[in-house]
Amino acid sequence: MLTTSHQGRGVISRYRDFLLINERTPIVSLGEGDTPLLYSGRLSARVGRDCEVFIKNEGMNPTGSFKDRGMTVAVSKAIERKARALICASTGNTSASAAAYGARAGIPCVVILPAGKIARGKLLQAFAYGAKIVAIDGNFDDALRIVRELGEDDGFVIVNSINPDRIEGQKTAAFEIVDLLGDAPELHLLPLGNAGNLTAYWSGYREYHAKERSTKLPAMLGFQAEGAAPIFRNRVVEKPETIASAIRIGNPASWKQARAAIDESHGAVDIVSDREIIDAQKWLAQNEGIFVEPASAASIAGLFKCCDAKGAAYSFEKLPPGSRIVCTVTGHGLKDPDAIAIEDVDLAPVAANTNTVRRAMAL
Ligand code: F0G
């Protein structure tokens, strides 16, 4: 190794002492983690009272989503345990990540997906990385049930977030935030789907706090899509629907853990509509240059909702002035090209001469 820096070497290298890694664990990494934490002046102004808003852009991970943090640990531990193959259910990102880390490790990966409900880019990733793909006539909750039933037989290792190694890896995002800000933020906003990520962040914040790396703990705010909001409504949603296909989940696996994290942290769970999600996605792309997939925009839509106070489960009015707020955006916008409305973009070609082009620019 030419450098002693942890940069670009992945979350296990950087946070080894906080993970259940030993000398027999072969490290399977694609250089995940160390993602940008971007200050947003515009969002800070929107919140007001000298609060500072930061965006943790997890779309900058190797396969374009936060899943890579958990996958490096889950796949490394699977190889240590002499797994024969990986298996997962997915709304798309877990399968893309599992397929990539499986390829890197040199073991087969089987992904069970709800037919017709996976964003195009994510499906292409699973194909490109060479996963064995099985589409089912059912939703994510059905796929996860089947994966649980197939179980860890015949050397299969489940790499959904029901595998504690995934949560272990994902908690490193909270470590990075505290390491960079010098303390935990007052508030952390996240999209909520299968509820593993919020559980993981809370575990990371608590661990760092216990080890006196931070002086406080954030309130955790989770945002579900209006048509797929089992935790908010406190009941299973049989037929979840939302444009944010990544969080189209009616019966989250980490429901109890996420609920406990939200309650312990004095946070809240709330809902955002598909319209609010798409508006937030466009806002973030056009005002900050950060293009995220719809599910990711739920945290930004949630921030706007909290600013407007009325009807929000958590009002920013109770935030102390000067508070620091982190919004995680979870996946890259290019994964789901069909979700971005292009109907109002006129792509009819004009004549190939400078004057016509100058006129067409209308600037
Ligand atoms: N954002 C994106 C882009 C996701 O892909 C997911 C989950 C979430 C948010 C929600 O995170 O499940 O930990 O609460 N995607 C899973 C998948 C379910 O299969 O890729 P969570």
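Look up a bit, the structure's there.
So, here's what we can say about the structure. Here the structure is a predicted model, which means the values were calculated and not measured.

Quick word on the sheet that holds strand S3 (residues 85-89)
Argument step 1. Taken together, four strands build an open sheet; the order of strands is S5-S4-S3-S6 and the sheet is parallel. The sheet is open, and its two borders are formed by strand S5 (132-136) and strand S6 (156-158), each paired with just one other strand. Each adjacent strand pair in this sheet contributes to an overall mean axis angle of 25°, direction not counted.
Argument step 2. Relative to S6, S3 runs parallel, the two being bridged by three bridges. Of the residues in S6, the one forming a bridge with Leu86 is Val157.
Argument step 3. Strands S3 and strand S4 (109-114) of the sheet are contacted by helix H4 (residues 93-105), whose axis makes an angle of about 175° with S3.

As for unusual backbone geometry
Argument step 1. A positive phi angle is found at Arg49, which is not glycine, with a value near 45°.
Argument step 2. Residue Arg49 is classed as partly exposed on the basis of its relative accessible area, which comes to 36%.
Argument step 3. In this model, Ala362 sits at a positive phi of 50°, which is unusual for a non-glycine residue.
Argument step 4. Locating Ala362 in the fold gives a position in the segment after helix H14 (354-361).

Observations regarding the sheet that holds strand S7 (residues 187-191)
Argument step 1. Spatially, the six strands line up as an open sheet ordered S1-S2-S10-S7-S8-S9, and their pairing is mixed. A single partner strand is all that each edge strand has here, and the edge strands are strand S1 (37-40) and strand S9 (268-272). When the angles between neighbouring strand axes are averaged without regard to direction, this sheet yields 25°.

A few points about the environment of Phe304
Argument step 1. With respect to the secondary-structure elements, Phe304 resides in helix H13 (residues 294-307).
Argument step 2. A residue is classified by how much of its surface remains accessible, and Phe304, at 13% relative accessible area, is buried.
Argument step 3. Linking Phe304 and Leu150, residues 154 residues apart in sequence, is a C-alpha distance of 42 Å.
Argument step 4. If we ignore the near neighbours within four places in the chain, the residues touching Phe304 are Leu43, Arg46, Ala280 and Trp283.

Comments concerning the pattern of salt bridges
Argument step 1. Inspection of every chain in the model, using the stated rule, returns 22 salt bridges.
Argument step 2. With its nearest N and O atoms 3.6 Å apart, the salt bridge here joins Arg46 to Asp308. Of this pair, Arg46 sits in helix H2 (residues 41-47) while Asp308 sits in the loop between H13 and strand S10 (324-329), and the two are 262 residues apart along the sequence.
Argument step 3. With a closest N to O distance of 2.7 Å, Glu176 and Lys56 form a salt bridge.

Concerning the packing of aromatic side chains
Argument step 1. In total, this model carries eight aromatic pairs according to the counting rule given.
Argument step 2. Between Phe18 and Phe175, the ring centres sit 5.0 Å apart and the planes meet at 55°, which makes this aromatic pair tilted. Of this pair, Phe18 sits in the loop between helix H1 (11-15) and S1 while Phe175 sits in helix H8 (residues 172-181), and the two are 157 residues apart along the sequence. Assigned by exposure class, Phe18 and Phe175 land together as buried.

Description of the packing of H8 against helix H9 (residues 196-210)
Argument step 1. Look at H8 against H9: their axes get within 7 Å of each other, and the N-to-C directions meet at 50°. Between H8 and H9, the angle falls in the class oblique. Crossing geometry of H8 relative to H9 is assigned as right-handed. Between H8 and H9, the residues in contact are Ala173, Ala174, Phe175, Ile177, Val178 and Asp179 and Tyr201, Gly204, Tyr205, Glu207 and Tyr208, respectively.
Argument step 2. Grouping the amino acids of the contact of H8 with H9 by side-chain chemistry returns eight nonpolar, one polar and two charged.

Concerning the nonpolar core
Argument step 1. Ranked by size, the top nonpolar core spans 35 residues in total, and within it Leu187, Leu221, Leu303, Tyr314, Phe316 and Ile325 carry the most contacts.
Argument step 2. Among the secondary structure elements, those contributing two or more residues to this core are H2, strand S2 (52-57), S7, strand S8 (219-225), S9, helix H12 (274-288), H13 and S10.
Argument step 3. Top element by residues in this core is H13. It accounts for eight residues.
Argument step 4. Aside from chain neighbours lying at most four places away, what touches Tyr314 is Leu187, Ala219, Leu221, His266, Gly267, Ala268, Cys306 and Leu319.
Argument step 5. Ranked by size, the runner-up nonpolar core spans 31 residues in total, among them Leu19, Leu181, Ala195 and Tyr205.

Some remarks on the site of the ligand
Argument step 1. Not every one of the 19 residues close to the ligand is listed here, only the nearest: Asn93, Thr94, Asn194, Ala195 and Thr330.
Argument step 2. Thr94 is positioned such that a nitrogen or oxygen atom in its backbone is 2.8 Å from an oxygen atom of the ligand.
Argument step 3. Taken by itself the ligand offers 470 Å² of open surface, and the protein chains cover 99% of this.
Argument step 4. Of the residues belonging to the shell around the ligand, the class tally is seven nonpolar, ten polar and two charged.

Observations concerning the pairing of S5
Argument step 1. Pairing geometry for S4 and S5, over five bridges, is parallel. The residue bridging Val110 from the neighbouring strand is Lys132, located in S5.
Argument step 2. A crossover links S4 with its parallel partner S5, the connecting element being helix H5 (residues 120-128), and its sense is right-handed.

So, the side chain of Ser97
Argument step 1. Along the polypeptide, Ser97 turns up in helix H4.
Argument step 2. Its relative accessible area of 0% is what places Ser97 among the buried residues.
Argument step 3. In this structure the side chain of Ser97 is engaged in a polar contact, spanning 2.6 Å, whose partner is the side chain of Asp68.
Argument step 4. Every residue in contact with Ser97, bar those within four places of it in the chain, is listed here: Thr63, Lys67, Asp68 and Met71.

Calculation rules
Residues numbered from 1 in each chain as written. Predicted model: local features only at pLDDT ≥ 70, side-chain atom pairs only at ≥ 80, totals over all residues. Heavy atoms only, no water. Pairing = 2+ DSSP bridges. Helix = DSSP H or I, 4+ residues; strand = E, 2+ residues; numbered from the N terminus. Axes fitted to C-alpha atoms, helices over the stretch in contact; angles between N-to-C directions. Contact = heavy atoms within 4.5 Å. Buried < 20%, exposed > 50% of the residue type's maximum accessible area, 1.4 Å probe, protein only. Salt bridge = Lys/Arg side-chain N within 4 Å of Asp/Glu carboxyl O. Phe/Tyr/Trp six-rings, centres within 6.5 Å; stacked < 30°, edge-to-face > 60°. Parallel < 35°, antiparallel > 145°, perpendicular 65-115°, else oblique. Left-handed = near helix turned anticlockwise from the far one by under 90°. Nonpolar A, V, L, I, M, F, W, Y, C, P; charged D, E, K, R; others polar. Core = buried A, V, L, I, M, F, W, Y, C linked by side-chain atoms within 4.5 Å. Near = heavy atom within 4 Å. Polar contact = N/O pair within 3.5 Å; in protein donor to acceptor, adjacent residues only side chain to side chain. Areas by Shrake-Rupley, 256 points an atom, 1.4 Å probe, with all protein chains shown as cover. Right-handed = clockwise from strand over helix to strand, strands pointing away.

Read these as spatial facts, not as claims about activity.
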